[in-house]
Amino acid sequence: MAAKIKKGDRVVVLTGKDKGKTGEVLAAFPTENKVLVSGINLVKRHQRPTGADAGGIVEKEAKIAVSNVAIVDPKENKPTRVGFKTLDDGRKVRVAKLSGEVIDN
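What you are looking at is a predicted structure, and each value in this text was computed from that prediction instead of being measured. (Residues numbered from 1 in each chain as written. Predicted model: local features only at pLDDT ≥ 70, side-chain atom pairs only at ≥ 80, totals over all residues. Heavy atoms only, no water.)

Focus: the sheet that holds strand β1 (residues 10–13)
Link 1 in the chain: With antiparallel pairing, the six strands of this open sheet are ordered in space as β6-β3-β2-β1-β7-β8. Among the strands making up the open sheet, the edge pair consists of β6 (64–65) and β8 (79–80).
Link 2 in the chain: Inspection of the sheet shows strand β2 (residues 22–29) paired to strand β3 (residues 34–37) by four bridges, in the antiparallel sense. Of the residues in β3, the one forming a bridge with A27 is L36. (Pairing = 2+ DSSP bridges. Helix = DSSP H or I, 4+ residues; strand = E, 2+ residues; numbered from the N terminus.)

A look at the UniProt feature "domain: KOW" (unreviewed entry) in the chain
Link 1 in the chain: The UniProt feature table records "domain: KOW" (unreviewed entry) at residues 4–31.
Link 2 in the chain: Between the end C-alpha atoms of residues 4–31 there is a gap of 13 Å, over a span that is 0% helix and 43% strand. (UniProt positions renumbered as here; feature names shortened; annotations may be inferred.)

Shown next, in the form of structure tokens:
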């Protein structure tokens, strides 16, 4: 099955403590059905000092379920569902259901 949300997509959070916030997908984990979004679902972690880092308590992004995010429509700038369409040249691309705009480049 093709992935509906990929690395580099702009998404909006639909539920949870960060509801309404938008960010860019840093990584996608299709086997777990989760994504890592910049600035979303921040958690504090205790870090041991290394040669490069001082250590201490650091804030970093945690994974969030794919069902809790939606792609932002490139035309309308609103959350939308994703569909698939085959172009004339044979490429299968992702399409925003709201405006019909092609999401893939």
